[in-house]
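# Structural features, examined
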Amino acid sequence: MIRKNFVKTLSLVACATVLLSAMPGDEVISREGKTYVVNTTSLTKSIKGYLGTTPLKIYITDNKIDKIEALPNQETPKYFAKVKKQLLDKWNGMTVSKAMKAQVDGVTGATLSSDAVKKNVVKGLEYYKKNKK
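Residues numbered from 1 in each chain as written. Predicted model: local features only at pLDDT ≥ 70, side-chain atom pairs only at ≥ 80, totals over all residues. Heavy atoms only, no water.

This part takes up helix α4 (residues 111-131). Across its 21 residues, α4 extends 30 Å between first and last C-alpha, which sits within 8% of the 30 Å expected from 1.5 Å per residue. For α4, the complete set of buried residues consists of Ser 113, Ser 114, Ala 116, Val 117, Asn 120, Val 121, Gly 124, Leu 125, Tyr 127 and Tyr 128. Down the axis of α4, the buried set is contained in an arc of 165°. They therefore lie on one face. Among the exposed residues of α4, those oriented more than 90 degrees off its buried face are Lys 119 and Lys 130. (Helix = DSSP H or I, 4+ residues; strand = E, 2+ residues; numbered from the N terminus. Expected span 1.5 Å × (residues − 1). Buried < 20%, exposed > 50% of the residue type's maximum accessible area, 1.4 Å probe, protein only. Arc of directions from axis to C-beta.)

Think of a sheet as strands paired side by side through backbone hydrogen bonds, with each pair either parallel or antiparallel. Strand order in the open sheet formed by four strands is β1-β2-β3-β4, and the pairing between neighbours is antiparallel. Across the chains shown, the open sheet's two edge strands, defined by having one partner strand only, are β1 (29-32) and β4 (64-70). Shown here is a sheet whose adjacent strand axes are inclined to one another by a mean of 25°, direction ignored. Taken together, the six bridges between strand β3 (residues 56-61) and β4 define a ladder with antiparallel strand orientation. Its bridge partner lying in β4, Thr 61 is registered against Lys 64. Contacting β1, β2 (35-39), β3 and β4, α4 crosses the sheet at an angle of about 45° to β3. (Pairing = 2+ DSSP bridges. Axes fitted to C-alpha atoms, helices over the stretch in contact; angles between N-to-C directions. Contact = heavy atoms within 4.5 Å.)

Attention shifts here to the packing of aromatic side chains. One pass over the structure, following the stated rule, counts one aromatic pair. Measuring from centroid to centroid gives 5.4 Å for Tyr 36 and Tyr 128, while their planes differ by 75°, and the two rings are edge-to-face. Placement of the pair is Tyr 36 in strand β2 and Tyr 128 in helix α4, with a sequence separation of 92 residues. The positively charged end of Arg 31 is found above the aromatic ring belonging to Tyr 36, 4.6 Å away from the centroid. (Phe/Tyr/Trp six-rings, centres within 6.5 Å; stacked < 30°, edge-to-face > 60°. Lys NZ or Arg CZ within 6 Å of the ring centre and 35° of its normal.)

With that settled, consider the pairing of β1. Here β1 runs beside β2; their pairing, made up of four bridges, is antiparallel. Residue pairing for β2: Ile 29 is matched across the bridge by Val 38. Once β1 ends, the chain turns through two residues before running back antiparallel as β2, passing Gly 33 with a positive phi of about 70°.

For the rest of this paragraph, the subject is a nonpolar patch on the surface. Residues Tyr 50, Leu 51 and Leu 112 make up a contiguous nonpolar surface patch of about 340 Å² in total accessible area. Assignment of secondary structure puts Leu 51 in the loop between β2 and β3. (Patch = residues over 30% accessible without salt bridge, like charges linked within 9 Å, V, L, I, M, F, W, Y side chains within 5 Å. Areas by Shrake-Rupley, 256 points an atom, 1.4 Å probe, with all protein chains shown as cover. Salt bridge = Lys/Arg side-chain N within 4 Å of Asp/Glu carboxyl O.)

The subject of this paragraph is the confidence of the model for the protein. Across the protein, pLDDT averages 87, with 80% of residues at or above 70. Counting contacts from residues 9-24, a segment whose pLDDT is below 50, to residues more than four positions away or on other chains yields two contacts. (pLDDT = per-residue confidence, 0-100.)

Structure (structure tokens):
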């Protein structure tokens, strides 16, 4: 009887661990002084550009976007360089609410990468709104 209860308890703990590990954790949002930093790496694994995911770091101070940085990815360097140069600063200075609704044009020749970046921004900002402390 004791062994049966132990196995049942162990199974419940294992299930809870799996569920918790599947949810984005503290690695998504952090603080650097007054600035919140949202890392979309684990948050947007299903959002793909041309060759894979396009994770970002979004820096937010006083509910406004300071900057957005691209994190390492597998996109074609030549085309993703255009995305970094022409797209990432489009949200700078916007409030989070305005940025979530912004209709930002993508980069010609890098449409899939651009779309993935835009979706990453929205998901990151949604996470920020729900989880900032």
